[in-house]
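# Results of the structural survey
Residue-level listing of the chains:
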Amino acid sequence: MRKRSIAERDIAAHDPQTFTTAPIIFITGISGYIGGQVLHDITKKHPEYQVRGLVRTKEQQQQIASKYPLVKTVIGDLDSAEVLKAEAAQVDVVLRTSAFLRAPGMKANTKFQNWQTRTTTPPSSPFSLLPSLQKTGTFIQRSGAASIFTASNGLGQLTTKKWSDIADLKEVTTFDHSHLHAVTDQLVLSEGKKQGIRAAVVVPPCVYGTGQGEVNKTSMVFPWYVDAVKKRGRGFTLWEGTNVDSVIHVRDLAAAFVLLVEEALKEGGGGADWGEEGWYYVEGGEYVFREMAGEIVKGMMKKGWIEREGVNEIKIEEAKELHSYAELLWGITMRVNGERIRDLGWSAKEESVFERLRSLGYRNALP
């Protein structure tokens, strides 16, 4: 079959008759950093898709409509069960692009409880969306590699273990419930199997890069470090700063989501793995914290934001005065190997984290 040109696809996207047969994709989090990038990429690459999205406010709805007039939005949040059920019942693929930590009614149970927000009514969206999907539907959940973070050798110290989504699959999908994301990730896969629906969990580590979404274009981690250095007047590491984190550019992460949607819409789910094997780490390299901190400090010096060069070691007590999430942000190791998504032909194409850091521009060039 001849592949349609971009012009033909644009015409098809505007043709009401085509809308009756085009795949329908529902995305939560389209006003967010990651979800906004996914929305940008999927509408650009596949204008023939009918894309629907969840926004929290009328203002966000108007912002999205101004850039994506063909995207249909509904107003609600991740606890708007009836809204979510109604959307899931009419779509082919659900992308949930904002991570969640616990299942309904569960409280935090981790050694980093001091930074994890407690709530008795956490987002219930997967438990509204999954049962409402058609049996031919697909649910793709964004989680986070915080489930494997460690400071087993001490804060600011290297731990050599790198988790694979193939070799370590059984372990990472059956973690005990003290691991962040573990309960809800496992429920997504088990509920998908129970409902007869294709399900997958996408697990990114630290995300960087300027997003192309309409509402939120920036990450948090690196700007928070910049803020802390400006407040302190000098760069720092927690103890030695030899801890290592995997990273992924937001545009490379979005490309992985789009690829999984494309596979989901093929007969039998294409070449992707779903269900018990539907676990995808998505990473594009890693950094040693001390090296990352050094690059940021160099950039801050050039811009005149600080006067003292280099970094020095600090203890957790001082770090917590700079940010309440200090352990997680600056002290842990979080290393993953995304083999499964690479087997589908995906690869990281955007600038590396160190290339990004060398173009330091704070909120714009260093999200």
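Structural data are supplied above this passage.
Residues numbered from 1 in each chain as written. Predicted model: local features only at pLDDT ≥ 70, side-chain atom pairs only at ≥ 80, totals over all residues. Heavy atoms only, no water.

It is worth spelling out the pattern of salt bridges at this point. Taken as a whole, this structure holds 16 salt bridges when the rule is applied. When the shortest N-O distance is used, the salt bridge between E262 and K45 registers 3.0 Å. Highlighted residues: E262 in helix α10 (residues 250-264) and K45 in helix α3 (residues 33-45), separated in sequence by 217 residues. In this structure E262 comes out as buried when scored by relative accessible area, which is 16%. With a relative accessible area of 45%, K45 lands in the partly exposed category. A single network of salt bridges, built from pairs that share partners, joins K162, E286 and R335. (Salt bridge = Lys/Arg side-chain N within 4 Å of Asp/Glu carboxyl O. Helix = DSSP H or I, 4+ residues; strand = E, 2+ residues; numbered from the N terminus. Buried < 20%, exposed > 50% of the residue type's maximum accessible area, 1.4 Å probe, protein only.)

On to the environment of S246, then. Counting through the fold element by element, S246 comes out in strand β10 (residues 244-249). As a C-alpha pair, S246 and Y287 span 41 residues in sequence and 6.6 Å in three-dimensional space. Of note is the side chain of S246, whose polar atom sits 3.0 Å from the backbone nitrogen of V336. (Polar contact = N/O pair within 3.5 Å; in protein donor to acceptor, adjacent residues only side chain to side chain.)

Close contact between helix α9 (residues 221-232) and helix α11 (residues 289-302) brings their axes to 11 Å; oriented N to C, the two are set at 65 degrees. Considering only the axes of α9 and α11, their crossing is right-handed. Here F222, Y225, V226, V229 and K230 of α9 come into contact with α11, specifically with F289, M292, A293, I296 and M300. Per-class residue counts for the contact of α9 with α11 are 9 nonpolar, no polar and 1 charged. (Axes fitted to C-alpha atoms, helices over the stretch in contact; angles between N-to-C directions. Left-handed = near helix turned anticlockwise from the far one by under 90°. Contact = heavy atoms within 4.5 Å. Nonpolar A, V, L, I, M, F, W, Y, C, P; charged D, E, K, R; others polar.)

Now for the packing of aromatic side chains. What the rule picks out here adds up to 8 aromatic pairs. On the basis of an interplanar angle of 55 degrees and a centroid distance of 5.7 Å, the ring pair of F222 and Y287 is categorised as tilted. Remark: Y287 occurs in strand β12 (residues 286-288) and F222 occurs in helix α9; sequence separation between them is 65 residues. Under the relative-accessibility criterion, Y287 is labelled buried at 2%. Between Y225 and F289, the aromatic rings sit 5.6 Å apart at their centres with planes inclined by 90 degrees, giving edge-to-face as the arrangement. Of this pair, Y225 sits in helix α9 while F289 sits in helix α11; the two residues are 64 residues apart in sequence, bridging distant segments of the chain. (Phe/Tyr/Trp six-rings, centres within 6.5 Å; stacked < 30°, edge-to-face > 60°.)

With that out of the way, let us pick up the packing of α3 against α10. Think of two packed helices as two axes; the pair is described by the angle between the axes and how far apart they sit. It is the contact of α3 with α10, at a shortest axis distance of 9 Å, that shows an interaxial angle of 55 degrees. Considering their axes alone, α3 and α10 lie oblique with respect to each other. Relative to α10, the crossing made by α3 is right-handed. Packed against α3, whose contacting residues are Y33, I34, Q37, V38, D41, I42 and K45, the element α10 presents V250, R251, L253, A254, A255, F257, V258, V261 and E262 at the interface. A class-by-class count of the residues in the contact of α3 with α10 yields 11 nonpolar, 1 polar and 4 charged. (Parallel < 35°, antiparallel > 145°, perpendicular 65-115°, else oblique.)

Strands in a sheet are paired, the pairing made by backbone hydrogen bonds, and the direction either parallel or antiparallel. If you walk across this open sheet you meet the 7 strands as β3-β2-β1-β4-β5-β7-β11, and the pairing is parallel. The sheet is open, and its two edges are formed by β3 (72-75) and β11 (279-281), each paired on a single side. Put simply, the sheet's adjacent strands are angled 20 degrees from each other on average, direction ignored. Of the strand pairs in this sheet, strand β4 (residues 93-96) and strand β5 (residues 138-142) are connected by 4 bridges, and their pairing is parallel. Paired with V94 across the bridge in β5 is F139. Contacting β1 (24-28), β2 (50-55), β4 and β5, α3 runs over the sheet at an angle of about 160 degrees to β1. (Pairing = 2+ DSSP bridges.)

Time to look at the nonpolar core. Ranked by internal contacts, the top residues of the largest apolar core, which has 66 residues, are I148, F222, Y225, Y287 and W330. Looking at this core element by element, the count peaks at 6 residues for α11. The contact partners of Y225, leaving out residues within four places of it in the chain, are G235, F236, F289, A293, I296, V311 and W330. In terms of nonpolar packing, the next biggest core, distinct from the first, is built from 37 residues, I27, V51, V202 and W274 among them. (Core = buried A, V, L, I, M, F, W, Y, C linked by side-chain atoms within 4.5 Å.)

The 3 strands are arranged β8-β10-β12 in an open sheet whose pairing can be described as mixed. A single partner strand is all that each edge strand has here, and the edge strands are β8 (206-208) and β12. Across the sheet, the mean angle separating the axes of adjacent strands is 40 degrees when strand polarity is ignored. Bridge analysis of β8 against β10 gives 3 bridges, and the strand direction is parallel.

What follows covers the pairing of β1. In terms of burial, β1 is a largely internal element, 5 of the 5 residues being buried. Side-chain alternation along β1 places I24, F26 and T28 on one buried face and I25 and I27 on a second face that is also buried. For the segment spanning β1, α3 and β2, crossover handedness is right-handed. Sheet analysis places β1 next to β4, joined by 4 bridges and oriented parallel. The partner of T28 across the bridge, within β4, is R96. (Right-handed = clockwise from strand over helix to strand, strands pointing away.)

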